[in-house]
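Residue-level structural notes
So the chains spell out like this:
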Amino acid sequence: EVNANEKRLKYYEDRLLAQLSASEENLIDDEDLIETLSDAKKASTEIKEKLSIAVDTRKRINAAREEYRPVAIRGSVLYFLIVEMSLVNPMYQTSLSQFLYLFDSGIEKAEKHQITTKRIASIIEYNTFSIFKYISRGLFEMHKLLFVLLLACKIEMRSGTLSNDSFQCFLKAGAALNIAEVRPKPFPWIPDRAWLNLLSLA
């Protein structure tokens, strides 16, 4: 509708300019020109009001969309973790369309609330648990604990509670370091592996 209004306004402007340039008589005596000018003025006022309403509506929509951003963020965390699980075993494949179906149905089934923050929390909680249950059913028993651990870590990392450095340290510990390239042990009785783990924590 905004585009249609802008086209309409442009039409009146072009028509008015064409009549002004083609007019050979006194502008005050040109009835067609005066009528076009009157129509253009009415249309301009009406269109400006509609455009103002459209701008306000767009702002409200953007504000509402921003309120629901945490739901989208949790969805991206869940989806990309599920995609990463295919690196553990190629059988763990879930298509985007399948995930979106689960996520959308979760939004519908989540408990309804009048208060937006409660509704958002409800959607996040329901989708996280329902998608976790769905994916867990298709995992081998030995990979279920890994999936739970990664899910918890990814959620904490996204919220800022767990830093990426801490997560890398948890995964690799001292294995990422070379004993020949780090500072020497203060005491010879400390095992190499324990010293590398301590350095990675520091």
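My aim in this report is to walk through the structure given alongside it, one point at a time. (Residues numbered from 1 in each chain as written. Predicted model: local features only at pLDDT ≥ 70, side-chain atom pairs only at ≥ 80, totals over all residues. Heavy atoms only, no water.)

Things to note about the side chain of Asn127
Formally: Numbering of helices and strands runs from the N terminus, with a helix taken as a DSSP run of H or I at least four residues long and a strand as a DSSP run of E at least two residues long. In the analysis that follows, any N or O atom pair within 3.5 Å is treated as a polar contact, provided that within protein one partner can donate a hydrogen and the other can accept it, and provided that, for residues neighboring in sequence, both atoms belong to side chains.
Note that Asn127 resides in helix 5 (residues 116–137). There is a polar contact of 3.4 Å between the side chain of Asn127 and the backbone oxygen of Phe103.

Concerning helix 6 (residues 141–159)
Rule in force here: A helix is expected to span 1.5 Å multiplied by its residue count minus one. We call a residue buried when its accessible area falls under 20% of the maximum for its residue type, exposed when it is over 50%, and partly exposed in between, using a 1.4 Å probe and counting protein chains only.
In a regular helix each residue adds 1.5 Å, so 19 residues correspond to 27 Å; helix 6 covers 28 Å between its end C-alpha atoms and thus fits that length. Within the span of helix 6, buried status applies to His143, Phe147, Leu150, Leu151, Cys153 and Ile155. Directly after helix 6, the chain includes Gly160, whose backbone phi takes a positive value near 90°.

Focus on a nonpolar patch on the surface
So the rule is basically this: For patch building, the residue pool is restricted to those with more than 30% relative accessible area and no salt bridge; the joining distance is 9 Å between like charges and 5 Å between nonpolar side chains (Val, Leu, Ile, Met, Phe, Trp, Tyr). Accessible surface area values rest on a Shrake-Rupley calculation with a 1.4 Å probe, where residue burial reflects the displayed protein chains alone. What counts as a salt bridge is simple: a side-chain nitrogen of Lys or Arg found within 4 Å of a carboxyl oxygen of Asp or Glu.
There is a patch of nonpolar side chains on the surface, built from Met91, Phe140 and Met142 and spanning about 370 Å² of accessible area. With respect to the helices, strands and loops of the structure, Phe140 is situated in the loop between helix 5 and helix 6. Residue classification places Phe140 among the partly exposed positions, given a relative accessible area of 36%.

Description of the packing of aromatic side chains
Here a ring pair, both rings aromatic, is described through the centre-centre distance and the interplanar angle of the planes. The criterion, for reference: Only rings of Phe, Tyr and Trp enter the pairing, Trp through its six-membered ring, and a pair is recorded when the two centres are within 6.5 Å. The plane angle decides the type: under 30 degrees is stacked, over 60 is edge-to-face, the rest tilted.
Tallying each qualifying case throughout the model produces seven aromatic pairs. Between Tyr79 and Phe80 the ring centres are 5.4 Å apart and the planes differ by 70°, which places this aromatic pair in the edge-to-face class. For Tyr79, a relative accessible area of 17% puts it in the buried group. A ring pair is formed by Phe187 and Trp189, whose centres lie 5.7 Å apart and whose planes are at 20°; its orientation type is stacked. A connected cluster of aromatic rings, assembled from ring pairs, spans Tyr79, Phe80, Phe99 and Phe103.

Some details on the pattern of salt bridges
Taken as a whole, this structure holds five salt bridges when the rule is applied. Its salt-bridge partner being Arg69, residue Glu66 comes within 2.6 Å of it at the nearest N-O pair. Judged by its relative accessible area of 42%, Arg69 falls in the partly exposed class.

Considering the nonpolar core
We count it as follows: By convention a nonpolar core is built from buried Ala, Val, Leu, Ile, Met, Phe, Trp, Tyr and Cys residues, the set being connected through side-chain atoms within 4.5 Å. Contacts: residue pairs with any heavy atoms within 4.5 Å of one another.
With 24 residues, the main nonpolar core has Val71, Met85, Phe99, Ile131, Ile135, Leu139 and Phe147 as its most contacted residues. Of all the secondary-structure elements, those providing two or more residues to this core are helix 3 (69–88), helix 4 (96–109), helix 5 and helix 6. Tallying contributions element by element places helix 3 first for this core, with seven residues. Not counting chain neighbours up to four residues away, the residues in contact with Phe147 comprise Leu81, Met85, Phe132, Ile135, Ser136 and Leu139.

Examining the environment of Asp104
Within the secondary structure, Asp104 is located in helix 4. For the pair Asp104 and Asn127, spaced 23 residues apart in the sequence, the C-alpha separation amounts to 8.9 Å.

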